[in-house]
Amino acid sequence: MHVTTGDRTVESSEDDGSTSEQRAGRAAWLVVPAVAAGLWLLSGALAVAVTWNGVLPNSVNAVLPLTLPFSPVVHPWSWSLTTTVLAALVVALVVRLVVPLTDRASDRSVRVALAWFAVVLGGAAAGLAVDLATIVGVLPAPRLRMLLDGLGANATVGAWWGVVQGWLPALVVLRRSAVPVPLSALRDTDDPGPRTPARTRRGVLVAVAVVAAAAVVTTGALGQRAARVSSAQEAARAEGADPEQGALPDPYAAGTPVPTRAPAGDADRDPSWCTEDQAMLLLGDPGAATGHRSQTIRFVNHSDAPCVVEGYPDVAFADQNGNELAVTVEHGGSFLAEDPGSTQFELPAGASAVTTLGWDAGATSDALVARTMYAAPFPTDERGSWPVEYDVVTGSVVHVTAWALEATAPTTAP
């Protein structure tokens with residue numbers, strides 16, 4: 001069918017009443033987003049390749065912006081690649097939403113400018129989604145003022161990419177005629193046919209774009225966390241960590257830090273007890289028998305005057321993730337040590353008191369194990385700590401003997 005509009009005659013399809021110009025316009029609505037998304041991926045991949053290998057200086061990013069949220073040195077790759085593909089989808093959807101505006105202009109240069117602007121918006125939207133992923137990936141922020149750190153960084157890169165390269169997909173709209181033909185002039189108003197309203201289509205596109213952006217945020221944040229876990233575990237392996245001796249560290253493992261003081265400690269401290277200015281804790285000698293372990297702790301009076309020691313020390317453990325290890329600490333003897341019972345005694349200047357921890361060896365393979373021991377001479381005091389490698393695991397029972405005056409001076413290492 002031929003339809004005359006003004007002094008122009010255009011071909012119209014008998015199936016849906018659309019003209020060849022309209023069909024070309026609708027094709028452009030699909031081609032421009034697809035070309036933009038493909039260019040976003042290709043340009044970003046080239047930028048990663050040339051900067052990572054050092055083939056060209058970083059200044060090349062002025063024309064090849066680093067649009068991709070991907071780096072070959074960050075593992076696992078699966079999250080980064082997924083985020084990259086989803087971000088390209090965001091580019092395509094945003095461009096698809098904006099590029100129909102080109103149909104409202106008759107000037108070729110204006111149509112190209114509008115399509116170019118659509119690509120700039122698409123790049124900025126994809127970059128903004130990556131920025132939000134970065135923010136979500138580090139939550140909770142160490143400080144409130146750091147909450148939005150990084151917001152706009154990737155959005156700026158994405159917008160610049162659109163400025164530098166967006167003209168390439170925008171040229172697709174030049175394939176159309178310079179004079180647009182309004183749809184209302186080409187359709188039979190008595191028989192509009194089964195067509196989906198434009199407003200509904202736009203609503204669906206907006207919804208899909210929002211879902212795609214949310215997916216970028218989700219996968220990007222999860223990818224950042226997975227990368228941090230992988231980095232922490234690789235560092236642990238480099239330092240000799242063995243999964244058979246305990247699970248590799250996980251920075252995001254659930255748990256709480258060890259309190260600086262015993263939660264149930266008696267707030268009333270005997271004023272005659274040794275203070276931190278008079279005496280200090282020293283980690284003593286470990287011991288072992290078949291299936292059993294022990295560790296001594298000494299409380300050395302380094303002052304010039306005697307002080308008083310009484311009762312049991314306070315002991316706690318942290319796992320490889322820095323969280324408090326769920327163990328039971330009981331007062332009493334173990335297989336390798338007898339408990340003298342709680343007594344009060346005077347600790348002479350230069351002398352030391354000793355306590356012995358005892359426990360049964362636990363199964364450490366891929367388990368939470370003790371990697372830091374916290375101790376205080378009395379439950380009222382602040383805890384100190386030592387790095388340790390014990391086979392104390394979740395659920396272990398650690399027996400602690402009361403303080404006792406050490407008969408002989410401890411042997412010091414040279």
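As shown above, the structure is provided for reference.
Bear in mind that the values here come from a model prediction, so they are computed numbers and not experimental data.

A. Summary view of the overall build of the protein chain. The helix and strand tally for the protein chain stands at 6 helices and 13 strands. Here the protein chain holds 414 residues, and the buried ones make up 41% of them. Sequence separation of at least 24 residues holds for 75% of the intrachain contacts in the protein chain that already meet a minimum separation of 6. Approximately 21,700 Å² of the protein chain is accessible, and the part contributed by carbon and sulfur atoms is 60%.

B. Structural detail: the state of the cysteines. For the structure shown, the criterion picks out 1 disulfide. Here C274 pairs with C307 through a disulfide, and the sulfurs are 1.8 Å apart. Measuring the twist about the S-S bond at about 90°, one finds the C274-C307 disulfide to be right-handed. In this pair, C274 sits in the loop between α6 (198–238) and β3 (279–289) while C307 sits in strand β5 (residues 307–310), placing the two residues 33 residues apart along the sequence. Of the two residues examined, C274 and C307, each falls in the buried class.

C. How the structure looks around a positive patch on the surface. There is a patch of like positive charges on the surface, built from R104, R199, R201 and R202. Within the secondary structure, R104 sits in the loop between α2 (77–98) and α3 (108–137).

D. Inspection of the nonpolar core at higher detail. Core analysis: the biggest nonpolar cluster contains 34 residues, and W40, V91, V95, V99 and V216 have the highest contact counts within it. Those elements that place two or more of their residues in this core are α1 (20–52), α2, α3 and α6. When residues in this core are grouped by element, the largest group, 10 residues, is from α2. Setting aside residues no more than four positions away along its own chain, W40 makes contact with T67, L68, P69, T84, A87, A88, V91, A126 and W161. Formed by 30 residues, the second largest nonpolar core is a distinct cluster that contains W273, F317, A370 and M373.

E. Geometry of the pattern of salt bridges. In the structure shown here, the tally under the stated rule is 5 salt bridges. The partner of R298 in a salt bridge is D285, with the nearest N and O atoms 3.8 Å apart. Separated by 13 residues along the polypeptide, R298 in strand β4 (residues 292–301) and D285 in strand β3 bring together distant segments of the chain. Here D285 falls in the partly exposed class, since its relative accessible area comes to 48%.

F. Layout of unusual backbone geometry. Positioned with a positive phi, D366 is a non-glycine residue whose angle comes to about 55°. Along the chain, the position of D366 falls in the loop between β9 (352–360) and β10 (372–376). With relative accessibility at 56%, the residue D366 sits in the exposed group.

G. Representation of the side chain of Q320 in the model. Mapped onto the secondary structure, Q320 falls in the loop between β6 (314–318) and β7 (328–331). We classify Q320 as buried; its relative accessible area is 17%. From its side chain, Q320 meets the backbone oxygen of A247 in a polar contact 2.7 Å long. Setting aside residues no more than four positions away along its own chain, Q320 makes contact with G246, A247, P249, A367, L368, V369 and R371.

H. Inspection of the packing of α2 against α3 at higher detail. Between α2 and α3, the least distance of the axes is 8 Å, while the angle of their chain directions is 145°. Note that α2 runs across α3; the crossing there is right-handed. Residues A87, V90, V91, V94, V95 and V98 of α2 touch α3, and the partners they reach there are A118, V119, L121, G122, G123, A125 and A126. Residues of the contact of α2 with α3, tallied by class, amount to 11 nonpolar, 2 polar and no charged.

I. Seen up close, helix α4 (residues 153–165). If you check α4, its first and last C-alpha atoms are 18 Å apart, about what 13 residues at 1.5 Å a residue would give, namely 18 Å. Taken residue by residue, α4 has A155, G158, W161, G162 and Q165 as its buried positions. Along α4, the residues classed as buried sweep out an arc of 120° about the axis, all on the same side.

J. View of the pairing of β10. Most of β10 sits out of view: 4 of its 5 residues are buried. Summarising the sheet, β6 and β10 pair through 5 bridges and their orientation is antiparallel. Pairing of A318 across the sheet is with T372, part of β10. Strand direction decides the pairing type here: β10 and strand β11 (residues 384–387), joined by 4 bridges, are antiparallel. Counterpart to M373 in the pairing with β11 is W386.

K. Spotlight on the packing of α2 against α6. Axis separation between α2 and α6 bottoms out at 8 Å; the angle between their running directions is 160°. For the element pair α2 / α6, the angle class is roughly antiparallel. Here α2 runs over α6; the crossing is left-handed. Residue classes in the contact of α2 with α6 are distributed as 17 nonpolar, 5 polar and 2 charged.

L. Examining the sheet that holds β11 more closely. In spatial order, the strands read β6-β10-β11; together these 3 strands make up an open sheet with antiparallel pairing. Every other strand in the sheet has two partners, leaving β6 and β11 as the edge strands with one partner each. Geometrically, the sheet is characterised by an average inter-axis angle of 25° between neighbouring strands, direction not taken into account.

Cut-offs and rules
Residues numbered from 1 in each chain as written. Predicted model: local features only at pLDDT ≥ 70, side-chain atom pairs only at ≥ 80, totals over all residues. Heavy atoms only, no water. Helix = DSSP H or I, 4+ residues; strand = E, 2+ residues; numbered from the N terminus. Buried < 20%, exposed > 50% of the residue type's maximum accessible area, 1.4 Å probe, protein only. Contact = heavy atoms within 4.5 Å. Areas by Shrake-Rupley, 256 points an atom, 1.4 Å probe, with all protein chains shown as cover. Disulfide = S-S within 2.5 Å. Patch = residues over 30% accessible without salt bridge, like charges linked within 9 Å, V, L, I, M, F, W, Y side chains within 5 Å. Salt bridge = Lys/Arg side-chain N within 4 Å of Asp/Glu carboxyl O. Lys, Arg positive; Asp, Glu negative; His and termini not counted. Charge placed at Lys NZ, Arg CZ, Asp CG, Glu CD. Core = buried A, V, L, I, M, F, W, Y, C linked by side-chain atoms within 4.5 Å. Polar contact = N/O pair within 3.5 Å; in protein donor to acceptor, adjacent residues only side chain to side chain. Axes fitted to C-alpha atoms, helices over the stretch in contact; angles between N-to-C directions. Left-handed = near helix turned anticlockwise from the far one by under 90°. Nonpolar A, V, L, I, M, F, W, Y, C, P; charged D, E, K, R; others polar. Expected span 1.5 Å × (residues − 1). Arc of directions from axis to C-beta. Pairing = 2+ DSSP bridges. Parallel < 35°, antiparallel > 145°, perpendicular 65-115°, else oblique.

Honestly, that's just the spatial picture; any functional story needs more than this.
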